Amino acid sequence: MPERGLIERYRDRLNLEPDDPIVSLQEGTTPLIPSPHLSNRVGAEVFLKFEGANPTGSFKDRGMTVAVSRAKGRGVQAVICASTGNTAASCAAYAARAGLRGAVIVPEGKIAIGKLAQALIHGARVVALKGNFDDALRIVRELSQKHPIELVNSVNPYRIEGQKTGAFELIDELGKAPDALAIPVGNAGNVTAYWRGFQEMGASPILYGFQAAGAAPLVTGKPVEKPETIASAIRIGNPARWEEAMSAVTTSRGRIAAVTDAQIIDAYHYLASCVGVFCEPASAASVAGLLAHGLPTVEGDPKPETVVAVLTGHGLKDPDTALGKAPAVISCENDLSAVERAVFSD
Ligand code: F0G
């Protein structure tokens, strides 16, 4: 069997214990898709790192394989997380794989339907909180102090370890680090993880982090009490990795900027209809940011020539948003000429 999972690929660079078992669904090694169309618009060579191709459809699997392997190695029986949806789906799948119990706390009515279906079918206990993600995270932090249950949010250091492999893959595939990385920012774990991965490889690309305008605490500099955005995955008002993310972005000579819901949805639709890549709305924030803000640099620094936009999750996670945005289905009689009209009329 070829070594496909990312622990097998990168174990020497992860801080797992030698005896930890590998709990894997063969995550990682996701496509790096060139996009001439987008490159023209941005004015640099842009590649899309399509993390929707991970086993549960998001980048969370990179962190989850490592966090759940370590949890299993320590002998815990159960894992828990707060989530806007993707962490819940990933946690539930890896718990099932490891034979552990899983519990996920999600903001009620605020996560995409595909993510909910995943968490439920993998057998996690799904709790819908009458509160937002920040409330849920506060509660699971307390619960994991009180009970023998492993917290697998990105406050868990092994999540960051796993997610830094995204940076390793970029360097492996491009032969060098890109000049810049565009990435959506919610709880700020992933931007922190990419930076760690790049730094471990001696690279320092410019980090462009993008938050939704209604949930942009890292842009405004203060927590947002009631975050709001159509990009439900990044509807977060008080990121757990706030300081580390800001320090990474500043050191990289990059910035965190906001994109409006309209810009996010435009980029989401553009990626699907002109580039052929279907990501979820939060993921499109990376491309929305490049289109809205360009490639700003600190004065005197060269303009980035190679840029990677991380598309963090699959569009199928959130069919409701896609159907709301796309044109209607054409209903048709069972008849050749009716079909002809339906297919060819303007
Ligand atoms: N994109 C997607 C699709 C996400 O699901 C998330 C976070 C992010 C971007 C932001 O990543 O939090 O590391 O800055 N989702 C978490 C969850 C919060 O619960 O699934 P981050």
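That block above? That's the structure.
Below, the structure is looked at part by part. Nothing here was measured: the structure is a model prediction, and the numbers come from that model. (Residues numbered from 1 in each chain as written. Predicted model: local features only at pLDDT ≥ 70, side-chain atom pairs only at ≥ 80, totals over all residues. Heavy atoms only, no water.)

A look at the packing of helix α9 (residues 189-200) against helix α11 (residues 242-251)
Across the interface, α9 lies against α11 with an axial gap of 9 Å and an inter-helix angle of 50 degrees. As the angle between them shows, α9 and α11 are arranged oblique. Like other packed secondary-structure pairs, α9 and α11 cross with a definite hand, here left-handed. Here Val 191, Thr 192 and Trp 195 of α9 come into contact with α11, specifically with Glu 244, Ala 245, Ala 248, Val 249 and Thr 251. Partitioned by chemical class, the residues of the contact of α9 with α11 number five nonpolar, two polar and one charged. (Axes fitted to C-alpha atoms, helices over the stretch in contact; angles between N-to-C directions. Helix = DSSP H or I, 4+ residues; strand = E, 2+ residues; numbered from the N terminus. Parallel < 35°, antiparallel > 145°, perpendicular 65-115°, else oblique. Left-handed = near helix turned anticlockwise from the far one by under 90°. Contact = heavy atoms within 4.5 Å. Nonpolar A, V, L, I, M, F, W, Y, C, P; charged D, E, K, R; others polar.)

Concerning the packing of aromatic side chains
Counted by the stated rule, this structure contains three aromatic pairs. Lying across the ring of Phe 168, Arg 13 places its NZ or CZ 4.5 Å from the centre. Above the ring of Tyr 270, the side-chain terminus of Arg 41 is found at 4.5 Å from the ring centroid. (Phe/Tyr/Trp six-rings, centres within 6.5 Å; stacked < 30°, edge-to-face > 60°. Lys NZ or Arg CZ within 6 Å of the ring centre and 35° of its normal.)

Observations concerning the sheet that holds strand β5 (residues 125-129)
Taken in spatial order, the four strands make up an open sheet running β5-β4-β3-β6, and their pairing is parallel. Both outer strands of the open sheet, β5 and β6 (150-151), are each paired with one neighbouring strand and no more. In this structure, strand β3 (residues 78-82) lies alongside strand β4 (residues 101-107), joined through five bridges in parallel fashion. When the sheet's bridge partners are listed, Val 79 is paired in β4 with Gly 102. (Pairing = 2+ DSSP bridges.)

So, helix α5 (residues 113-121)
The complete set of buried residues in α5 reads Gly 114, Lys 115, Gln 118 and Ala 119. Looking down the long axis of α5, one finds its buried residues gathered within 135 degrees of arc, a one-sided arrangement. In this structure, the buried residues of α5 make contact with α4 (86-98), β4, β5 and α14 (319-325). Among the residues trailing α5, Gly 123 stands out with phi positive, at a value near 95 degrees. (Buried < 20%, exposed > 50% of the residue type's maximum accessible area, 1.4 Å probe, protein only. Arc of directions from axis to C-beta.)

Digging into the site of the ligand
Near the ligand there are 19 residues, and of these Ser 83, Asn 187, Ala 188, Asn 190 and Thr 312 occur at the shortest range. Between the ligand and Asn 187 there is a distance of 2.7 Å, counted from an oxygen atom to a backbone nitrogen or oxygen. Gly 189 places a polar main-chain atom, nitrogen or oxygen, 3.1 Å from an oxygen atom of the ligand. Across the complex, the protein chains shield 99% of the 470 Å² of accessible surface that the ligand would expose by itself. Comparing atom positions with the cavity grids shows the ligand to sit within the largest cavity. Going through the elements one at a time, α4 and α9 are the ones with two or more residues in the shell around the ligand. (Near = heavy atom within 4 Å. Polar contact = N/O pair within 3.5 Å; in protein donor to acceptor, adjacent residues only side chain to side chain. Areas by Shrake-Rupley, 256 points an atom, 1.4 Å probe, with all protein chains shown as cover. 1 Å grid on protein atoms, 1.4 Å probe; cavity = no way out; pocket = protein on both sides within 12 Å on 5 of 7 lines; lining within 4 Å. Sits in = over half its atoms within 2 Å of the grid points.)

Overview of the sheet that holds strand β7 (residues 180-184)
The strand order β1-β2-β10-β7-β8-β9 describes an open sheet built from six strands, whose pairing is mixed. Strands with a single pairing partner mark the edges of an open sheet, and in this sheet they are β1 (32-34) and β9 (255-259). Pairwise comparison of adjacent strand axes, ignoring direction, gives a mean angle of 25 degrees for this sheet. In this structure, strand β8 (residues 206-212) lies alongside β9, joined through five bridges in parallel fashion. Looking at the pairing, Phe 210 lines up with Ala 257 of β9.

As far as function goes, none of this settles anything; it's purely spatial.
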